[in-house]
Amino acid sequence: MAALCRGAARLTLPICQIRQGLYRGYSAGSSFQYILVERKGQSQNVGFIQLNRPKALNALCDGLINELNQALDSFESDPQVGAIVITGSEKAFAAGADIKEMQNRTFQDCYGGSFLAHWNRVSSARKPVIAAVNGFALGGGCELAMMCDIIYAGEKAQFGQPEILLGTIPGAGGTQRLTRAVGKSLAMEMVLTGDRISAQEAKQAGLVSKIYPADKVVEEAISCGEKIARNSKLIVSMAKESVNGAFELSLAEGNKLEKRLFYSTFATEDRKEGMTAFVEKRKANFTDQ
Ligand code: HXC
């Protein structure tokens, strides 16, 4: 950490501030250009990242993705943080990858330069990530939300993969995660027509788990993050790994993974504490060990 704090790079300072708990009012004086970063929740155990590029409806430019990844890295290595919330503004979670940035890219730029190689960071987070979506979640914005573990939506949220209207296709998991989330027919319709779906349709299709009034989504997402963060961080990561196995493995392989992780919980202090607390009729005091 000392090395990080000493680093001259502009974006290393907030990471140090976050770790040292000096982040109160941090968002106001953020050194990040495209995002606001804070810890939230009564115990300051929820990492909070707000996309903050309002004039472009939070279009995901390269710089924004780099900052997002950096903030995620810092929250992932912060032992106090038990869950992370990503949100945008009331008008837009994110209106997609930055079209102006992509407009003149060539195939050689994309393929040779591994365009989008660093876009997957959210999906590899070990801590749970909750998307609090208001307004537009389109293209890369919808894909970013789908990389999160839980999606809460505001009543006016709209989800879509409109890349087809731009002569391209989703490139950050849209055709894969959307299809797994909502099924083939609706995914095909959205990807092939570019039509958007409402929060209510997204909830009905299983893309989002809860809908709230726009001004309540973020606080509800933080409250969900706090609830998760009260559990053992160690066991939460194992539970997340096991659920994610359902997307990658056969049923038999997934059940094997689950069983191995379940057995592994018996090697932890927190499993012992959880069951002992139940028997002793008291609240468990997890230590993430
Ligand atoms: C760059 C964008 C943008 C985007 C909006 N803006 N979306 N800039 N990239 N994806 C900018 C506009 O150019 C404009 O700035 C400002 O944000 C406000 O947008 P308006 O269009 O004036 O707002 P509105 O009329 O309310 O319409 C909102 C909208 C529309 C429906 C969301 O902006 C829109 O259709 N945006 C594009 C959505 C999209 O196609 N997303 C997929 C992108 S491709 P200026 O300065 O010009 O006025 C993608 C590929 C993913 O995501 C591949 C893997 C990552």
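Residues numbered from 1 in each chain as written. Predicted model: local features only at pLDDT ≥ 70, side-chain atom pairs only at ≥ 80, totals over all residues. Heavy atoms only, no water.

Would you explain the side chain of E226 in this entry?
Tracing the chain through its elements places E226 in helix α10 (residues 217-229). R230 provides the closest opposite charge to the buried, unpaired E226, separated from it by 5.1 Å. At 2.8 Å, the side chain of E226 and the backbone nitrogen of Q42 are in polar contact. Setting aside its immediate chain neighbours within four residues, E226 contacts G41, Q42, S43, N45 and V46. (Helix = DSSP H or I, 4+ residues; strand = E, 2+ residues; numbered from the N terminus. Buried < 20%, exposed > 50% of the residue type's maximum accessible area, 1.4 Å probe, protein only. Lys, Arg positive; Asp, Glu negative; His and termini not counted. Salt bridge = Lys/Arg side-chain N within 4 Å of Asp/Glu carboxyl O. Polar contact = N/O pair within 3.5 Å; in protein donor to acceptor, adjacent residues only side chain to side chain. Contact = heavy atoms within 4.5 Å.)

I'm lost on the packing of helix α7 (residues 174-182) against helix α8 (residues 184-193) in this one. Help?
Each pair of packed helices can be described by the angle between their axes along with the distance between the axes. Contact pair α7 / α8: the axes reach a minimum separation of 7 Å and the direction vectors enclose 140°. Classified by the angle their axes make, α7 and α8 are oblique. You can see that α7 and α8 cross each other, and the crossing is right-handed. Counted together, T175, L178, T179 and V182 of α7 and K184, L186, A187, M190 and V191 of α8 form the full contact between these two elements. Across the contact of α7 with α8, the residue classes break down as six nonpolar, two polar and one charged. (Axes fitted to C-alpha atoms, helices over the stretch in contact; angles between N-to-C directions. Parallel < 35°, antiparallel > 145°, perpendicular 65-115°, else oblique. Left-handed = near helix turned anticlockwise from the far one by under 90°. Nonpolar A, V, L, I, M, F, W, Y, C, P; charged D, E, K, R; others polar.)

Help me out: how do you make sense of the nonpolar core in this one?
The tendency in soluble globular proteins is for nonpolar side chains to be buried side by side. Judged by nonpolar contacts, the single largest core of 48 residues is most densely connected at I86, F159 and L207. Broken down by element, this core gets its largest block of residues, six residues, from helix α3 (residues 62-76). The contact partners of L207, leaving out residues within four places of it in the chain, are M146, I151, F159, L178, A181, V182, I197 and A202. (Core = buried A, V, L, I, M, F, W, Y, C linked by side-chain atoms within 4.5 Å.)

Explain the pattern of salt bridges here, please?
Proximity of charged atoms lets side chains of opposite charge pair with each other. Under the counting rule described, the total for this entry stands at 10 salt bridges. E101 is the partner of R105 in a salt bridge, and the nearest nitrogen-oxygen pair spans 4.0 Å. Using a relative accessible area of 28% as the deciding quantity, one classes R105 as partly exposed. Note that R282 is salt-bridged to E280, the shortest N-O span being 2.8 Å. Given the relative accessible area of 36%, R282 is considered partly exposed. Ionic contacts of the salt-bridge type, sharing partners, join the residues D73, E76 and R121 into one network.

Sorry if this is basic, but what is going on with the site of the ligand here?
The full set close to the ligand counts 25 residues, and K91, A95, A97, K100 and G140 are the nearest of them. With respect to the ligand, the backbone of A95 contributes an N or O atom lying 2.9 Å from a nitrogen atom. Considered on its own, the ligand offers 1,000 Å² of accessible surface; in the complex 67% of this is hidden by protein. Those elements that place two or more of their residues in the shell around the ligand are α4 (99-102), β6 (136-138) and α6 (140-147). With three residues, the top contributor of residues to the shell around the ligand is α4. In terms of residue class, the shell around the ligand is made up of 14 nonpolar, four polar and seven charged. (Near = heavy atom within 4 Å. Areas by Shrake-Rupley, 256 points an atom, 1.4 Å probe, with all protein chains shown as cover.)

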